[in-house]
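Examining the three-dimensional arrangement
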Amino acid sequence: MTPAARVAGAIEVLADLIERRRPAPDALKDWGLARRFAGSKDRAAIASLVYDALRRRASSAWVMEGETPRALMIGMLALQRGLDGEAIAALFSGERFAPEALSVDERARLARAAQLDAAPLAAACDCPEWLLPSFMRAFGPALRDEMRALTARAPLDVRVNSLKSDRRTVREALAHLGPENTPLSPFGLRFPVGEDGRGPALQAEPEFLDGWFEIQDEGSQLVSVLSGVVPGSRVVDLCAGAGGKTLALAALMDNSGEIVATDVDARRLVASHARLQRSGATNVTVRTPRGRYDPRRPDPLADLAGTVDLVLVDAPCTGSGTWRRNPDAKWRLRPGGLAERCRDQAVVLDRAASLARPGGRIAYITCSVLPEENDDAIAAFGQRHRGFTLLPAAEVAAAAGFPELAQWATPGGGILLTPHRTGTDAFFIAVMRRAP
Ligand SMILES: C[S@@+](CC[C@H](N)C(=O)[O-])C[C@H]1O[C@@H](n2cnc3c(N)ncnc32)[C@H](O)[C@@H]1O
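Residues numbered from 1 in each chain as written. Predicted model: local features only at pLDDT ≥ 70, side-chain atom pairs only at ≥ 80, totals over all residues.

Taken together, 19 residues lie around the ligand, and Cys239, Gly241, Gly244, Val264 and Asp314 are the ones closest in. In terms of residues, the shell around the ligand owes the most to one element, helix H17 (residues 335-355), which gives four residues. (Near = placed C-beta within 6 Å. Helix = DSSP H or I, 4+ residues; strand = E, 2+ residues; numbered from the N terminus.)

Structure, rendered in structure tokens:
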């Protein structure tokens, strides 16, 4: 397919996605199935155009004075890809397989791309209108910079598994893929991503199959360290899901002590088994609930009540800190969805409180930047559980060996990493200690 035909394809996918309110992966898959002529490179390029258009949805709509799929694509090519009017006109040529030629009005509107600072804040920040107050609260005067960083593409990071290898060895083994050390995490490697947004097929590498590394954003690696986990302790990973943090904790504990990994949803734990096997982690027991966990029924972890050194709560959240990877989710989130996540967070935190031993800790983590899910959640927890105190951010950061991260303390006393601040996905962490 020519570059122009790919743009036309991406407009078709956007139309399906917007008009039928379909998730981006579904719309992309259906488009590919119906057009067998498109090869894998074409499909990757189209996906990248669609995701970039979603990243810049509100600002493109403002520039083009309209929200049609075509308008979003034209605006994005100017704002995100930096194409000038001539380059966009070359793609929108009206020739065979290319989108219809640019109109005089469309050309004129493109001039607004240079005036984005004059747009209403929600448009300039590519932020859903209803969430703007929350983002303003989270970022204050840095709002525009933070929001711009959230619209960029995310890097491809891995965590080297210290149970099986070390960063230098893995870096050398994968030298053909061009990895660099991650700036902050001592276990991280970062791989270059192609123009079409595709990274190398790391999961096909023998070192991956042997468990030498796992794909994990640097921010996720950092919060695992900031949790303050220590070798030899008893840890419960309450929201273990596919086990990303469980694996990081097992490595940080050097396979000593014990980790009990569980989740409210048995299906989410399935993938963790193969990952644990591959990683060589031997201190992890996965407790799969029978049916869905229900706080009104006896807790299947009741035998651990009051005995746990560290309860890791990698809480269910809106994922607003990962919108670089999943820009579709930004526009799909509704106020009811946020309220539901906040309720889940309270349930899971209360569950964690019952598990922590006197003097034990809860590390509360989200991949969200919204204060409702971060500072507000821990403040409400503090009200409900007077026997817990929040550890100062400076203490948490220093104890983990990252004193510089204390500069990202939130008003409520947690730490918030963001793409703008640390070049990572956004992660929030707060550590609470139960009175001895
Ligand atoms: C952010 S994900 C976990 C990701 C995982 N820790 C990782 O690093 O790959 C949040 C998880 O919390 C689980 N969850 C939601 N409510 C819960 C509850 N009340 N108790 C335990 N887990 C819960 C969800 O099923 C989901 O798997």
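This part takes up the domain arrangement of the protein chain. Annotation of the protein chain at the domain level lists domain 1 (3-119), domain 2 (156-215) and domain 3 (218-434). The centre of domain 1, based on its C-alpha atoms, is set 38 Å off from the matching centre of domain 3. (Domains from an automatic or database assignment.)

Here we come to the pairing of strand E12 (residues 427-434). Each regular strand shows side chains that alternate between the opposite faces of the sheet. Burial within E12 is extensive, with seven of its eight residues counted as buried. One ladder, built from six bridges, connects strand E9 (residues 356-366) with E12; its direction is antiparallel. What sits directly across from Thr366, in E12, is Phe428. Two elements, strand E10 (residues 388-390) and E12, share three bridges in a ladder whose sense is antiparallel. Across the sheet, residue Thr389 finds its bridge partner in E12, namely Arg433. In terms of strand pairing, strand E11 (residues 415-417) meets E12 through three bridges, oriented antiparallel. Bridging across to E12, Leu417 finds its partner in Phe427. (Buried ≥ 20, exposed ≤ 12 C-beta atoms within 10 Å, placed from the backbone. Pairing = 2+ DSSP bridges.)

Our next topic: the sheet that holds strand E1 (residues 156-160). The pairing of strands in a sheet happens through backbone hydrogen bonds and is either parallel or antiparallel. Across the sheet, four strands lie side by side as E2-E3-E1-E4; this open sheet has antiparallel pairing. At either margin of the open sheet sits one strand with a lone partner, and together these are strand E2 (180-181) and strand E4 (213-215). Strand direction decides the pairing type here: E1 and E4, joined by three bridges, are antiparallel. Considered in E4, the bridge of Val160 is made with Phe213.

What follows covers the UniProt feature "domain: SAM-dependent MTase RsmB/NOP-type" (unreviewed entry) in the protein chain. According to UniProt, the "domain: SAM-dependent MTase RsmB/NOP-type" (unreviewed entry) feature falls on residues 146-435. As a span, residues 146-435 carries 33% helix and 20% strand, and end to end its C-alpha atoms are 36 Å apart. (UniProt positions renumbered as here; feature names shortened; annotations may be inferred.)

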